[in-house]
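Examination of the molecular architecture
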Amino acid sequence: MISPLTLAEARVLGTLMEKARTVPDSYPMTLNALVAGCNQKSSRDPITNLTESQVQEALDGLKGRSLAFTGRGTRVDRWEHNFQRAMVVPEQSAVLLGLLMLRGPQTAGELRIHSERWYRFADISSVEGFLEEMRDRSEEKGGPLVVQLPRGSGARETRWAHLLCGPVEMAAEPAPAAASPATPMGLAARVSVLEEEVASLRAVVEDLRSQLGLSQPGHPEPNDRA
């Protein structure tokens with residue numbers, strides 16, 4: 001079992017795992033693109049504001065655990081993860097752990113919806129099977145990777161959390177807010193997917209801007225004329 005990750009390391013690792021599947025054309029990732037991916041406003045809980053130095057420190061920590069590595073590019077280093085091989089888990093388990101690192105505790109149903117662009121699970125039972133397998137992982141294999149949280153008052157399903165950052169507080173979760181009739185689950189899921197696609201496109205643009213040496217819009221280079 002690897003030593004517990006910091007919150008920054010978990011966010012960086014989860015982002016590498018996400019972008020490898022959702023925007024393969026911009027993967028492996030540059031530091032600038034990775035910072036943008038870590039701090040995007042959609043598909044993240046909690047939302048972070050990590051600096052380049054914090055992301056670089058997290059990358060160095062992940063590299064020391066063989067969870068990430070870099071190849072020398074023509075201009076900048078590009079990073080990729082090594083999660084599945086280092087943790088010796090199947091693809092489906094890696095997908096679920098990546099989502100838990102990025103979005104926090106979720107139900108099996110939420111994980112199935114959020115995994116749509118990563119991996120298509122046949123049904124919720126399939127998701128639950130891999131979660132239970134990681135929960136019951138033997139000590140010989142490194143111990144459990146996820147934990148099932150106590151069901152909160154009024155909640156119909158239990159949520160799951162990853163253990164890659166160490167033990168989690170096992171207090172019962174508060175009851176979820178009632179869903180608005182105007183926003184059915186199907187619509188909410190589609191909106192979530194669209195938000196992820198927009199965030200992914202922004203990360204691609206940031207990556208291309210970094211490679212071409214272009215400045216941010218509205219911030220001309222010093223030698224630009226007004």
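1. Re the pattern of salt bridges
- Applying the stated criterion across every chain yields a total of 7 salt bridges.
- Put simply, R44 and E18 hold a salt bridge, and the shortest N to O gap is 2.6 Å. Pair noted here: R44 is in the loop between α2 (31-38) and α3 (52-64) and E18 is in helix α1 (residues 7-22), with a separation of 26 residues, a long-range link. Each member of the pair R44 and E18 is classed as buried.
- Between E110 and R159 there is a salt bridge, and its shortest N-O distance comes to 2.6 Å. Of this pair, E110 sits in helix α6 (residues 108-114) while R159 sits in the loop between β3 (146-148) and β4 (160-162), placing them 49 residues apart in sequence.
- Among the ionic contacts, a cluster of salt bridges with common partners joins E18, K19 and R44.

2. Comments concerning the packing of aromatic side chains
- The full count for this structure, using the stated rule, is 2 aromatic pairs.
- Ring geometry for Y119 and F121: centres 4.9 Å apart, planes at 65 degrees, overall edge-to-face.
- Under the relative-accessibility criterion, Y119 is labelled partly exposed at 23%.

3. Some thoughts on the confidence of the model for the protein
- Averaged over every residue, the pLDDT of the protein is 84; the share at 70 or more is 73%.
- The low-confidence segment residues 175-186 (pLDDT under 50) makes 4 contacts with residues lying over four places distant or belonging to another chain.
- Across residues 222-226, confidence stays below pLDDT 50; counting only partners more than four residues off in sequence or on other chains, it has 0 contacts.

4. Comments concerning α2
- Within α2, 6 of the 8 residues are buried, which leaves it mostly tucked inside the rest of the structure.
- Burial in α2 covers these residues: L31, A33, L34, V35, G37 and C38.

5. Points about unusual backbone geometry
- In this structure, the amide linkage connecting Y27 to the following residue, P28, adopts the cis form with an omega of 0 degrees.
- Summarising the element assignment, P28 is placed in the loop between α1 and α2.
- Residue P46 is reached from D45 by a cis peptide bond, and omega for that bond is 5 degrees.
- Mapped onto the secondary structure, P46 falls in the loop between α2 and α3.
- Notably, S43 is not glycine yet its phi reads approximately 60 degrees, a positive angle.
- Position of S43 among the secondary structure elements: in the loop between α2 and α3.

6. Thoughts on α1
- For α1, with 16 residues, the first-to-last C-alpha span of 22 Å sits near the 22 Å given by 1.5 Å per residue.
- Burial within α1 is extensive, with 12 of its 16 residues counted as buried.

7. Some words on the packing of α1 against α2
- Following both chains from N to C, one finds α1 and α2 inclined at 105 degrees, their axes separated by 9 Å at the closest point. In terms of orientation, α1 lies roughly perpendicular with respect to α2. Note on element contacts: α2 touches α1 through L34, G37 and C38, opposite R11, V12, T15, L16 and K19.
- A breakdown of the residues in the contact of α1 with α2 according to their chemical character gives 4 nonpolar, 2 polar and 2 charged.

8. As for the nonpolar core
- Core analysis: the biggest nonpolar cluster contains 45 residues, and L5, V12, L16 and F83 have the highest contact counts within it.
- Every element with two or more residues in this core is listed here: α1, α2, α3, α4 (83-87), α5 (91-103), α6 and α7 (124-135).
- If you tally residues by element for this core, the top one is α5, at 8 residues.
- Not counting residues up to four positions away in its chain, the partners in contact with V12 are L34, C38, V55, A58, L59 and L62.

The rules behind these values
Numbering of residues begins from 1 in every chain and follows the order in which that chain's sequence is written. Predicted model: local features are reported for residues with pLDDT of at least 70 only, side-chain atom pairs are reported and counted for 80 or more only, and whole-chain, interface and lining totals are derived from all residues. Think of the side-chain values as coming from all heavy atoms in the structure, minus any hydrogens and water. By salt bridge we mean one thing: a side-chain nitrogen of Lys or Arg within 4 Å of a carboxyl oxygen of Asp or Glu. The helix count covers DSSP runs of H or I at least four residues long, the strand count covers runs of E at least two residues long, and both are numbered beginning at the N terminus. Type-normalised accessible area, obtained with a 1.4 Å probe on protein chains alone, sets the label of each residue: buried when under 20%, exposed when over 50%, and partly exposed for intermediate values. Here is the rule: rings of Phe, Tyr and Trp (six-membered ring for Trp) pair when centre to centre is within 6.5 Å. Planes less than 30 degrees apart are stacked, more than 60 are edge-to-face, and the remainder are tilted. Summary of the metric used: pLDDT quantifies the predictor's per-residue confidence within the range 0 to 100. It only takes one pair of heavy atoms within 4.5 Å for two residues to be counted as in contact. Each residue after the first adds 1.5 Å to the expected span of a helix. Convention adopted: a line fitted to C-alpha atoms gives each axis, helices being fitted over their contacting stretch, and angles between N-to-C directions are expressed from 0 to 180 degrees. Any angle from 65 to 115 degrees is called roughly perpendicular, while one under 35 is roughly parallel, one over 145 is roughly antiparallel, and all others are oblique. For this scheme, ten residues count as nonpolar: Ala, Val, Leu, Ile, Met, Phe, Trp, Tyr, Cys and Pro. Four count as charged, namely Asp, Glu, Lys and Arg, and the remainder, Gly too, count as polar. Among the buried residues, those of types Ala, Val, Leu, Ile, Met, Phe, Trp, Tyr and Cys that are joined through side-chain atoms within 4.5 Å form a nonpolar core.

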